[in-house]
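# Fold and geometry: a report
The residues making up each chain are set out below.
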Amino acid sequence: MASIRSLIIIVVSALALVSCGVASIPAGQPAQPALAPMPTAAPAAGAPALERGSGAAPEPAPSQDIPASDRLIIKNASISLEVVNVGEAEAAIRQTAARLGGFVVSTTTYGTGDAMMSTIVFRVPAARFDEALSGVEGLAKKVLSRNISGEDVTEEYVDLESRLRNLEATRDRLFDLLQRTDKVEDALRVNQALSDVQEQIERIKGRMQYLQRSAAMSTITAELRPVPPPPSIIEEDAWQPINVAREALRGLLEFGQGLVNLLIVLGIWTPVWLPVVLFGRWSWRKITRGGKKPEQPTLPATPPSAPMPPSGGETGSSVSQ
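Right, let's walk through the structure included here. Just so you know, these numbers come straight off a predicted model, no measurement behind them.

### Structural notes on the packing of aromatic side chains
A ring pair, where both rings are aromatic, is described by two values, the distance of the centres and the angle of the planes. Taken as a whole and judged by the stated rule, the model has 1 aromatic pair. With a centroid separation of 6.1 Å and 35° between ring planes, the pair formed by Phe 279 and Trp 282 is classed as tilted. Of this pair, Phe 279 and Trp 282 both sit in helix H7 (residues 270-290), separated by 3 residues, roughly a single helical turn. What makes Phe 279 exposed here is its relative accessible area of 57%.

### Digging into the nonpolar core
Ranked by size, the top nonpolar core spans 19 residues in total, and within it Ile 93, Phe 122, Val 136, Ile 220 and Leu 224 carry the most contacts. At the level of secondary structure, the elements contributing two or more residues to this core comprise strand E1 (73-83), helix H2 (86-99), strand E3 (117-125), helix H3 (129-137) and strand E5 (217-226). If we skip the residues at most four places from it in the chain, Leu 224 touches Leu 81, Val 83, Val 86, Ala 89, Glu 90, Ile 93, Met 117 and Ser 118. Counting residues in hydrophobic clusters, the runner-up holds 18 residues, among them Val 153, Leu 160, Val 190 and Met 208.

### Here's the deal with the pattern of salt bridges
All told, the structure shown has 11 salt bridges when counted by the stated rule. Its salt-bridge partner being Arg 94, residue Glu 90 comes within 3.7 Å of it at the nearest N-O pair. On the criterion of helical spacing, the pair formed by Glu 90 and Arg 94 is a turn pair, its members being 4 residues apart in helix H2. Relative accessible area serves as the criterion here: at 14%, Glu 90 is assigned to the buried category. A salt bridge links Glu 156 to Arg 207; the nearest nitrogen and oxygen atoms lie 2.8 Å apart. Of the two residues, Glu 156 is situated in helix H4 (residues 154-180) and Arg 207 in helix H5 (residues 184-216); the sequence distance between them amounts to 51 residues. Each member of the pair Glu 156 and Arg 207 is classed as buried.

### Some remarks on the sheet that holds strand E2 (residues 103-110)
Ordered by their spatial adjacency, 5 strands build an open sheet running E2-E3-E5-E1-E4, and the pairing between neighbours is mixed. The strands lining the two open edges of the sheet, one partner per strand, are E2 and strand E4 (142-152). Across the sheet, the mean angle from the axis of one strand to that of its neighbour is 10°, orientation sign disregarded. In this sheet, E3 lies alongside E2 in antiparallel orientation, the contact comprising 7 bridges. From the neighbouring strand, Thr 109 faces E3, where its bridge partner is Ser 118. Strands in contact with H2 are E1, E2, E3 and E5; relative to E3, the strand with the most contacts, it is inclined by about 10°.

Reading the values: rules and limits
Residues numbered from 1 in each chain as written. Predicted model: local features only at pLDDT ≥ 70, side-chain atom pairs only at ≥ 80, totals over all residues. Heavy atoms only, no water. Phe/Tyr/Trp six-rings, centres within 6.5 Å; stacked < 30°, edge-to-face > 60°. Helix = DSSP H or I, 4+ residues; strand = E, 2+ residues; numbered from the N terminus. Buried < 20%, exposed > 50% of the residue type's maximum accessible area, 1.4 Å probe, protein only. Core = buried A, V, L, I, M, F, W, Y, C linked by side-chain atoms within 4.5 Å. Contact = heavy atoms within 4.5 Å. Salt bridge = Lys/Arg side-chain N within 4 Å of Asp/Glu carboxyl O. Pairing = 2+ DSSP bridges. Axes fitted to C-alpha atoms, helices over the stretch in contact; angles between N-to-C directions.

Structure representation (structure tokens):
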């Protein structure tokens, strides 16, 4: 019984060390932590020896010896294109992804009409990655940028396989100990350790499955932009007669609107300003009439006087002659 208890303590201590290493495995991100082989517990002095091969895991082959065809490579690509019609190009990419056995992850659209831009993220099988990339580039009027990256996760996957085998062997040991334990306290301790090992096994399996799926399906991000319009004949800051005509017409309309607004205001305010204007006009006429002097009557003009008749002596003499 003492030997079983000692063996339980050693196994639990080893599991504590394993927990520290497995806890660093991310759940869904493609990080590559350096995973060391799980330390195996040596049997205590006087403890019953376990069957050889029940807990020993075979050493994995070095990742450098794995053929290139069997390596796990996560391929990603990001490409920026200028296309004639963004909507048609987006529909063509969807069809290409479906035809190659992939699927669209997300689509983001900016703007409307001729200024619309779109970013589409899709995944295709890794074996058809180059074909999908060529199909997307074939839609472009101009390729603005292209970035292709690959991440080799073979070493991490091999380490995870080794750790998984060790944990499964430890789980079998704990299960065997649980079957042979008589005391409730020891059974609870072994059962807790068995639960921890099973949780770590599930996390490692999930990480391995994530790496397999990421390597099997490549991700392509395509940014679609419309082809810019051709440059205008007249520079933007140069003389623009059409703009001058528009500004003149706008000024004329504003003046007409202001004049009509003024007439409307005057018409509404007629009861106020019209009596004032009439009273002022009447006062002005009265003042101007009172200040005039009375006119003097004009005398008729005097007719010219007739010539005087000559005296009698001169008249008789003149007649006798």
